Amino acid sequence: MTDLDATESILGALIAHPTVSAEPNVALIEHMAERLEASGARVEVFRDASGGKANLWGTIGPEGDGGIVLSGHSDVVPVADQDWSMDPWALTRRDDLLYGRGTCDMKGFIAASIAMAPHFAAQELRRPVHFCFTHDEEVGCLGARQLVPQLEARGIRPSIAIVGEPTTMQIIEGHKGCCEYTARFTGLEGHGSAPDRGVNAVLYAVRYVTRLMELAEELKHRAPRDTPFDPPWTTVNVGRLSGGVAHNVIPGKAEVEWEMRPSQYGDAEFVKEQLAHLVEHDLLPAMRAVSPWADITTEVIGEVVGLEPMTDNAARDLVRELTGDMDAHTVPFGTEAGLFQGMGMSVVVCGPGSIAQAHKPDEYISRPQLQACLDMLHGLRRSLVAA
Ligand SMILES: [Zn+2]
């Protein structure tokens, strides 16, 4: 069987697990663990507190630092409300295209990595290859967030990570982060004729938004030099503002949904500290002077760390050598890459399939894309064997 046929067969088994982010993924992770172990990998499965979700960490080659991580997420986006012309949970092949939920984002890369495991295991590798398959990437990189401190606690220090999100095998060296929040304001309702006796939640929400917009301007002056991002600075968007019931009622509740997309480390903390200062020292004291029960809470909807482009990037240099593609790009979508970069690794995003097919009905990946991925991984194998 060719590596490509093996990859297709493995992909079929992966697709049959409907690992939508809201559902457990343990059965899929156990399946992948068995396959990797049968190929000679040392595998550890990290279950979360619920027991229904798990991350997989596998290694082939020597123990020690300096390994190469092949990283993929095991969860997929839902198919509900999508018009599929075939069963999304069974692999359908039409000519060179393989259809099914997750084929492109991103079980195709995982299948190719697993298909390569016997080849990695058959040779004396100078550096370890690691397999890192996580849960809940699509809902805020929850699995990778749990795994990173567990790897650090074990003293595992790989040097390079290739995150196989669909980039049509182009090298991606950067993407912004994405942080989403909902701020909720609780005031004190009252009659519109006596504003001083109530706490107007909408007005405090507006002061919060006003400060956010000032910070958005300040962020423009903090933009890093020579960044490939467009725009180069960290952006802020207020997406939804709601509150109140009628003209003559002091609103007791208000909500602000907002996001920021950091282009560099530090900006998200800067904004959050400034807002916390406003809330603690300005808004809350004023609100509580009228009503001790007044409150402002912030819910973190998701915080995806950005992948910051680096002048020196060993991962980019390696993948350039493997693919022969000298370009490097940025993308407007988030990945787990920034979390690995935060561990001190060099990281690129590079994987088979196009983001244009991700999250869509009739999602597919092409066999030539999978072959290109296998070619890259065979190149990696050769580079890890060569003296
Ligand atoms: Zn993905």
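Everything below is about the structure printed above this text.
Residues numbered from 1 in each chain as written. Predicted model: local features only at pLDDT ≥ 70, side-chain atom pairs only at ≥ 80, totals over all residues. Heavy atoms only, no water.

(A) Broad picture of the sheet that holds strand 4 (residues 92-94). Reading across the sheet, the three strands line up as 4-5-17 and stay open at both edges, with antiparallel pairing between neighbours. The outermost strands of the open sheet, each flanked by one partner alone, are strand 4 and strand 17 (364-366). In this sheet, neighbouring strand axes are inclined to one another by 25 degrees on average, regardless of whether the strands run parallel or antiparallel. Strand direction decides the pairing type here: strand 4 and strand 5 (residues 97-99), joined by three bridges, are antiparallel. By the bridge assignment, Thr-92 is partnered in strand 5 with Tyr-99. On top of the sheet, helix 9 (residues 367-385) reaches strand 4, strand 5 and strand 17; it is set at about 60 degrees to strand 17, its chief contact. (Pairing = 2+ DSSP bridges. Helix = DSSP H or I, 4+ residues; strand = E, 2+ residues; numbered from the N terminus. Axes fitted to C-alpha atoms, helices over the stretch in contact; angles between N-to-C directions. Contact = heavy atoms within 4.5 Å.)

(B) Highlighting the packing of aromatic side chains. Evaluated as defined, the whole model comprises four aromatic pairs. Sitting above the plane of the Tyr-99 ring, Arg-94 keeps its charged end 5.5 Å from the centroid. Arg-222 extends its terminal NZ or CZ atom over the ring of Phe-270, reaching a point 4.0 Å from the ring centre. (Phe/Tyr/Trp six-rings, centres within 6.5 Å; stacked < 30°, edge-to-face > 60°. Lys NZ or Arg CZ within 6 Å of the ring centre and 35° of its normal.)

(C) Molecular detail of the coordination of the zinc ion. Note on the zinc ion: its protein donors are His-73 (NE2), Asp-105 (OD), Glu-165 (OE) and Glu-165 (OE). The metal-donor distances range over 1.9 to 2.7 Å. Considering all four donor atoms around the zinc ion, the spread of angles at the metal, 52 to 138 degrees, places the coordination shape in the irregular class. Read in sequence order, the donor residues coordinating the zinc ion give the pattern H-x31-D-x59-E. Highlighted residues: Asp-105 in helix 3 (residues 103-121) and Glu-165 in the loop between strand 7 (160-163) and strand 8 (172-175), separated in sequence by 60 residues. Overall, the relative accessible area of 5% leaves Asp-105 in the buried class. (Donors = N, O, S within 2.8 Å, 3.2 Å for Na, K, Ca; no water. Tetrahedral: all angles 85-135°; square planar, octahedral: opposite > 155°, others 65-115°. Buried < 20%, exposed > 50% of the residue type's maximum accessible area, 1.4 Å probe, protein only.)

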